[in-house]
Amino acid sequence: MKLIRDLSDYFRRKGSDNLIPIHPIDYCFLRPEHVPYINRLCEEYFWPDIDVSECLQYPDFTCVCLYNKLVIGFGLLYPEASVTEAYLSFVFVRPDWRNLGIASFILYHLIQVSLMVEFNGYDG
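Residues numbered from 1 in each chain as written. Predicted model: local features only at pLDDT ≥ 70, side-chain atom pairs only at ≥ 80, totals over all residues. Heavy atoms only, no water.

Chemist: Just to check I follow, could you spell out the sheet that holds strand 2 (residues 62-67) for this structure?
Modeler: The pairing of strands in a sheet happens through backbone hydrogen bonds and is either parallel or antiparallel. If you trace the 4 strands from one edge of the open sheet to the other, you get 1-2-3-4, paired in antiparallel fashion. A strand with exactly one partner marks an edge of an open sheet, and here the two such strands are strand 1 (25-28) and strand 4 (85-93). When strand polarity is set aside, the average angle formed by the axes of neighbouring strands in this sheet is 15°. With 8 bridges connecting them, strand 3 (residues 70-80) and strand 4 associate as antiparallel partners. Note on strand 4: the bridge partner recorded for E80 is E85. Sitting on the sheet, helix 2 (residues 35-45) is in contact with strand 2, strand 3 and strand 4, with an inclination near 90° to strand 3. (Pairing = 2+ DSSP bridges. Helix = DSSP H or I, 4+ residues; strand = E, 2+ residues; numbered from the N terminus. Axes fitted to C-alpha atoms, helices over the stretch in contact; angles between N-to-C directions. Contact = heavy atoms within 4.5 Å.)

Chemist: Would you mind going over unusual backbone geometry with me for this structure?
Modeler: Across residues other than glycine, the phi torsion is negative in most instances, and most of the peptide bonds are trans. At N68, a residue that is not glycine, the phi angle is positive and equals roughly 50°. Relative to the helices and strands, N68 resides in the loop between strand 2 and strand 3.

Chemist: Honestly, the packing of aromatic side chains in this entry has me stumped. Any pointers?
Modeler: When we look at a pair of aromatic rings, we describe it by the centre distance and by the angle of the planes. This structure, assessed with the given rule, holds 11 aromatic pairs. With centroids separated by 5.9 Å and ring planes inclined at 45°, the aromatic side chains of W47 and F90 adopt a geometry described as tilted. You can see W47 sitting in the loop between helix 2 and strand 2 and its partner F90 sitting in strand 4, a full 43 residues away along the chain. By way of ring pairs, the aromatic residues Y45, F46, W47, F74, F90 and F92 are connected into one cluster. (Phe/Tyr/Trp six-rings, centres within 6.5 Å; stacked < 30°, edge-to-face > 60°.)

Below is the structure:
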């Protein structure tokens, strides 16, 4: 985010009309098109051969953060079908996007989902 602001300031000082557009940060559930990008991020920042495609079976237990279609963060819960609980598998935010409250929002969303599991059960 700081990089985008710095670039915008640079072009503004130059008097250029070609300002870099600022896009909103979007949050959504995991979709099939996100899986390859999240797998790559997991491999780069965690360890190799992580495949999060299994999470497509329960997208309500996921949160993906996007900036103009770029995956900048995500959180994944794995529900336990036999009990009313879930465990947190991954929470990640790209280094340049940290300290903006993104991980806090992802965790808040996932906690709310896990509370719903506790009260309603999960039929995974």
